[in-house]
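# Per-entry structural report
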Amino acid sequence: MHIHLHTDEAGRGAGIAFKMAERGGRGSGGHGSLDKSITLPPDEIFRNLENAKRFAIDIGGSLTKLAYYSTVQHKVARVRSFDHSGKDIENEPLYEISVQEEITARLHFIKFENNYIETCLDFIKDHLVNTETKVIKATGGGAYKFKDLIEKKLGLKVDKEDVMTCLIKGCNFLLRNIPHEVFAYQKDSDTEFRFQTNHPNIFPYLLVNIGSGVSIVKVESEDKFEWIGGSSIGGGTFWGLGALLTKTKKFDELLQLASKGQHTNVDMLVKDVYGGACQTLGLSGNLIASSFGKSTTADKEFSKEDMAKSLLHMISNDIGQLACLYAKLHNLNKIYFGGFFIRGHPVTMRTITFSINFFSKGEVQALFLRHEGYLGAIGAFLKGAEQDNPNQYSWGENYAGSSGLMSTSPDVYPMQRSRSGTFDMFEMDRLERPLVNLPLLKDPSTYIPDTVDLTDDAMARKYWLTCFEEALDGVAKRAAASQPDSVDAPERAEKFRQKYWNKLQTLRQQPFAYGTLTVRSLLDTREHCLNEFNFPDPYSKVKQKENGIALKCFQSVIESLDSLGWEERQFALVKGLLAGNVFDWGAKAVSDVLECEPQFGFEEAKSKLQERPWLEDSYSQWLERLKEGPPHKCALIFADNSGIDIILGVFPFVRELLSRGTEVILACNSGPALNDVTYSESLIVAERIAAMDPVIQSALREEKLLLVQTGSSSPCLDLSRLDKGLAVLVRERKTDLVIIEGMGRAIHTNYYAALKCESLKLAVIKNSWLADRLGGKIFSVIFKYEVPCK
Amino acid sequence: MEPWHNGGGADEKLRRQEAEAGNLRRWSCGGTGAGSAAAGPEPCEAGGAASVLRRDSVRKNRPPFPWFGLDIGGTLVKLVYFEPKDITAEEEDEEVENLKNIRKYLTSNVAYGSTGIRDVHLELKDLTLCGRKGNLHFIRFPTHDMPAFIQMGSEKHFSSLHTTICATGGGAYKFEQDFLTMGDLQLRKLDELDCLIKGVLYIDSIGFNGNSECYYFEHPTDTERCQKLPFNLENPYPLLLVNIGSGVSILAVYSKENYRWVTGTSLGGGTFFGLCCLLTGCSTFEEAMDMASHGDSTKVDKLVRDIYGGDYERFGLPGWAVASSFGNMMSKEKREAVSKEDLAKATLTTITNNIGSIARMCALNENINRVVFVGNFLRINTISMRLLAYALDYWSKGQLKALFLEHEGYFGAVGALLELLDSA
């Protein structure tokens, strides 16, 4: 018997496959002396075990979830300014790029069947180098049963943690850190999974955990929660009673039976009692009057499927009803459901959702979590890691290392492995900086960064997936080329290509795997995959070169701007911003040009631009505002690309704002993404410009021009997850203008973002499909100046 | 099977009456013809001497006999019949044969066919209704025998009496057409909940042959000291009324006219009985109850102590509480070790506790502390009543009181009868 990997690397790991004979289990949960072996690429499942510490384990009725913390060594590209004094700067690169090792923290979670617990413990023991770990936090109903086995195998002391405390800690952690963690389930709509925007305030909520019984817990804050009720009719009732009624032993098989059955053969419906009069009486004839009300006879046979379905309805409705009654009593409208009864099973999510809608008349929402299965393990881990203060940091889902949400419906996913016998993984990276909402968001609770929901929009999904597929070879090639001195770069680039290709295929089948599918998530996943194979910054050299070239043109651009009259100059500045924005290696139409026309420059870019009136054109209002209104107090600018964009587009614009008396906060990405300018690059660029330009120089010195980092490494922009320092500064400086530049930040995301202050969103559409969608042509211009309505 | 016609001790009597009915048919037909001349609010009067009496009834704001109230539920039909005991000799002579037959048939039998039963112990004696003295009889039979019942009505020429049949329950709608086509009878359909509340308030007000209709269990959490005691429901409002039939309806009652349907659940008596049939192969409610009374549900259910070894102190859950109903049945070994009795008991406690739990939550949401449980699920079911009394008391820390009524499932039918009398 082979375990099939629950990752998109399935079938690819043959080279590193290992085989373990599973030992007959003493006290290992009844798998007996099965002649099992598992074939799996170990480094793909128990990743980074060498550095692992702080183990936690959550053993449920059938699944084990293992958690550990590790540090990951990453290559990062660093830039360092040269000392140019006395040197021939003409032929020297602008700055030095060095690849360094960086250590980042990562959380690993692995889910597997209890059957493999012994095998997995053996594997961990053999690969665990770190010896400082002494205890393993354990939770879940099975923790007692496997205590001795764990202690013996790992030599760690098992430290038991309360199940519910762990669940809630885990739930809070996910709600705070993982965007699109929460979804509502709608079976009969085009999108089964309706992912929710993370509300800035996650409390209070109701957590209904449906294990063998049901626990209903009210969570009021990080540390305050209360068991307010429960019910004995839960997953155990479905399983136990189902096994008695249908002679079907496995939970999953019972659910399968249920999904094929007709409950109306077993249940007494309202229309069975009232006959045809339901319609005239305004009654819903299909409601169940009495569960199993038709089986009150000894001389009729009922099918297993029908009984299982009736049982499922009975239990789901009952739980939904009780949950609503508790929600009403405690005045709550968010209910998160978890536990093995739910665990991603569409049929139970559907019946629970129906029940909640029915009993609450739509006032309460049934919500589910993408990583629901990991709540206990996350909570247990957090209990053990309190001294690391994991709650002080922001964490992000690593799309490269996480399996994503799998549909359990076999028809949805043809490559579907059976639910059992799979390994599922979830990884979170600790972000260097805490992330918060931009204080200028009009309504953080309804802010959705992404313009197009590709889970919803099948046409757009198809287009973008194909687009990313087609661009993949080029990205892999560039990644390999970016490390000419590395022997294994081509091999790693190929691995990257494979991995991202497989992710794209997974997303074709299950667009909901990582939350709402968007252009942003596709871009971010690509960045994660590149990092995974140590291509931290494939464009570093391109950016270096382009920055160098652009800097040489800075002064002449400024001179020609300064020679213009005020009104002409304003237009030239905007045109410069837009032309700069043409230089985007992320856009295929542009990268093709840039690849074959290295001399393609600022003037050529300007000539590509659409003539006014632009596709979206509120330039006149902007000009009017500049002409008539007082200077802005402070402008926050989110910059896009390196080179011409930042140096010849953004900086002259910044310079003009400064001259008007407006302070400027220039925000660049913390980490690299495509040819986007990073914070550290922006520092060098600003320094070089300051050396040439007194306006910039004094503004920097007087802190009227401030360079900050966004906290992000994405080509797009999520205004609800920004560096805390940026947010503080924005508030301190009373920022009253936000300028968002580029396709990724102003069109794929934030096109519809509503802010409390004036905003300017500008971009050049460098993709003909998108241009077409927006009713324009390639190189159409978006210039969207918005003033919030008072 | 036509239970009203076959089997049972009443069989012979029934056949004799059928023969009589046949003999009377011609007389009856003639009477109908004459009836068209009759005046008054009753559209059609039986002719002859009887019409004198019947007009007398109308004049005194009384509907003509017979007085029935019918509640046709999903599983059971409940029938209440008022038997006038103050019939004078003159009246007796004038009484239409058909009417007399019905009266005699119903009052001289305790079982009708194989499935119809008169709950003699519930009979209310020496009642005065609309100025007439008599006894109120309580009869029930399964809803699936409804066609046979209508057939009988037809054979007994019920339609010739031109009485109004007041019926409530879903079956009043479902069988309306059958009554009309098979029995030539027009039903007056009445709202289920109106009837239920009307019936409860009325029966409680007249008492149970000198005893209290309403009762409760004192010390419900103490098996030694727990006892059934009368409860004075003189000032009943507000109260939560939980009607457990095949399914369950929960009403918040604030006054005679002011009440609200709060919620309902499909896990009711029908669920208990239906699951018992599937799990144990039993075929009657009595059998199911009997098995339940001899079973041990703790073999079937997973208790808190089965999981935590004792109380779950973190949440204040006692070890004896059921953590997962049928939870032990997830294991093959335990499935093989339980008896049918254990399964019946577990089914009973599961359904009962769940109803208790929903009722308790409704009481809290509505801010009502008296909960009255009615419905035929509670018939011969002290186990459930004590469980409900216990659960309500324990989980509310003594704040909620469970009350019960002697006439369990008959209030809808009583309400229907009262509607008949009110309408006259």
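What counts and what doesn't
- Residues numbered from 1 in each chain as written.
- Chains lettered and ligands numbered in written order.
- Predicted model: local features only at pLDDT ≥ 70, side-chain atom pairs only at ≥ 80, totals over all residues.
- Heavy atoms only, no water.
- UniProt positions renumbered as here; feature names shortened; annotations may be inferred.
- Helix = DSSP H or I, 4+ residues; strand = E, 2+ residues; numbered from the N terminus.
- Axes fitted to C-alpha atoms, helices over the stretch in contact; angles between N-to-C directions.
- Parallel < 35°, antiparallel > 145°, perpendicular 65-115°, else oblique.
- Left-handed = near helix turned anticlockwise from the far one by under 90°.
- Contact = heavy atoms within 4.5 Å.
- Nonpolar A, V, L, I, M, F, W, Y, C, P; charged D, E, K, R; others polar.
- Buried area = accessible area lost by both parts, 1.4 Å probe.
- Salt bridge = Lys/Arg side-chain N within 4 Å of Asp/Glu carboxyl O.
- Polar contact = N/O pair within 3.5 Å; in protein donor to acceptor, adjacent residues only side chain to side chain.
- Buried < 20%, exposed > 50% of the residue type's maximum accessible area, 1.4 Å probe, protein only.
- Core = buried A, V, L, I, M, F, W, Y, C linked by side-chain atoms within 4.5 Å.

Looking at an unreviewed UniProt entry, chain B carries the name pantothenate kinase, with the source organism given as Gallus gallus. Its UniProt record gives chain B the following Subunit (unreviewed entry) comment, quoted word for word: "Homodimer." Per its UniProt entry, chain B bears the Sequence similarities (unreviewed entry) comment "Belongs to the type II pantothenate kinase family."

Going by an unreviewed UniProt entry, chain A carries the name 4'-phosphopantetheine phosphatase and comes from Gallus gallus. Under the UniProt heading Subcellular location (unreviewed entry), the note attached to chain A is "Cytoplasm". Comment text from UniProt for chain A, heading Subunit (unreviewed entry), reads "Homodimer. Interacts with PKM."

The next subject is unusual backbone geometry. Following Arg612 of chain A, the chain continues to Pro613 of chain A via a peptide bond in cis, the omega torsion being 0°. With respect to the element layout, Pro613 of chain A can be found in the loop between helix H18 (602-608) and strand S20 (616-617). For the peptide bond that leads from Tyr237 of chain B to Pro238 of chain B, omega is -10°, which places it in the cis range. In this structure, Phe779 of chain A is a non-glycine residue whose phi angle is positive, near 65°. Looking at the secondary structure, you find Phe779 of chain A in the loop between helix H25 (768-773) and strand S27 (780-786).

This part takes up the packing of helix H12 (residues 458-481) of chain A against helix H14 (residues 519-532) of chain A. Residues and elements named next belong to chain A. Contact geometry for H12 and H14: axes closest at 12 Å, N-to-C directions at 25°. Taken as axis vectors, H12 and H14 run roughly parallel relative to one another. Pair H12 / H14 crosses with right-handed handedness. Here Trp464, Leu465, Phe468, Ala471, Val475 and Ala479 of H12 come into contact with H14, specifically with Val519, Leu522, Leu523, Arg526 and Leu530. Here the contact of H12 with H14 is composed, by residue class, of 10 nonpolar, no polar and one charged.

This part covers the interface of chain A and chain B. In this complex, chain A contributes 50 residues to the contact, which on the side of chain B involves 52 residues. Carbon and sulfur atoms make up 67% of the area that chain A and chain B hide from each other, which totals about 4200 Å². On inspection of chain A and its partner chain B, the count reaches two salt bridges. Where chain A packs against chain B, one counts 18 residue pairs in polar contact (both at pLDDT 80 or more). Where the side of chain A that touches chain B is concerned, the elements lending two or more residues are helix H4 (163-177), strand S12 (225-231), helix H5 (235-246), helix H7 (270-274), strand S14 (288-290) and helix H9 (304-329) of chain A.

Moving on, we get to the pattern of salt bridges. Residues and elements named next belong to chain A. Within this structure, the stated rule accounts for 60 salt bridges over all chains. Put simply, Asp450 and Arg520 hold a salt bridge, and the shortest N to O gap is 2.8 Å. You can see Asp450 sitting in the loop between strand S19 (435-436) and H12 and its partner Arg520 sitting in helix H14, a full 70 residues away along the chain. Residue classification places Arg520 among the buried residues on the basis of a relative accessible area of 14%. As a salt-bridge pair, Lys543 and Glu681 come within 3.1 Å of each other at their nearest N and O atoms. Of this pair, Lys543 sits in helix H15 (residues 540-562) while Glu681 sits in helix H21 (residues 679-692), and the two are 138 residues apart along the sequence. A relative accessible area of 1% places Glu681 in the buried class.

Let's shift gears to the nonpolar core. One finds Phe238 and Phe337 of chain A together with Phe272, Phe373 and Phe404 of chain B to be the most contacted residues of the largest nonpolar core, which totals 101 residues. A total of 13 residues in this core trace back to one element, the largest contributor, which is H9 of chain A. Residues within four places of Phe238 of chain A in sequence aside, it is in contact with Ala243, Phe251, Leu254, Leu255, Ala258, Ala308, Leu311, Leu312, Ile315 and Phe341 of chain A. Ranked by size, the runner-up nonpolar core spans 76 residues in total, among them Leu70, Phe138, Leu201 and Phe208 of chain B.

A separate point is the environment of Asp424 of chain A. Residues and elements named next belong to chain A. Within the fold, Asp424 resides in strand S18 (residues 424-430). Here the alpha-carbon distance between Asp424 and Met307, two residues 117 residues apart in the chain, equals 32 Å. At a separation of 2.6 Å, a polar atom in the side chain of Asp424 contacts the side chain of Tyr374.

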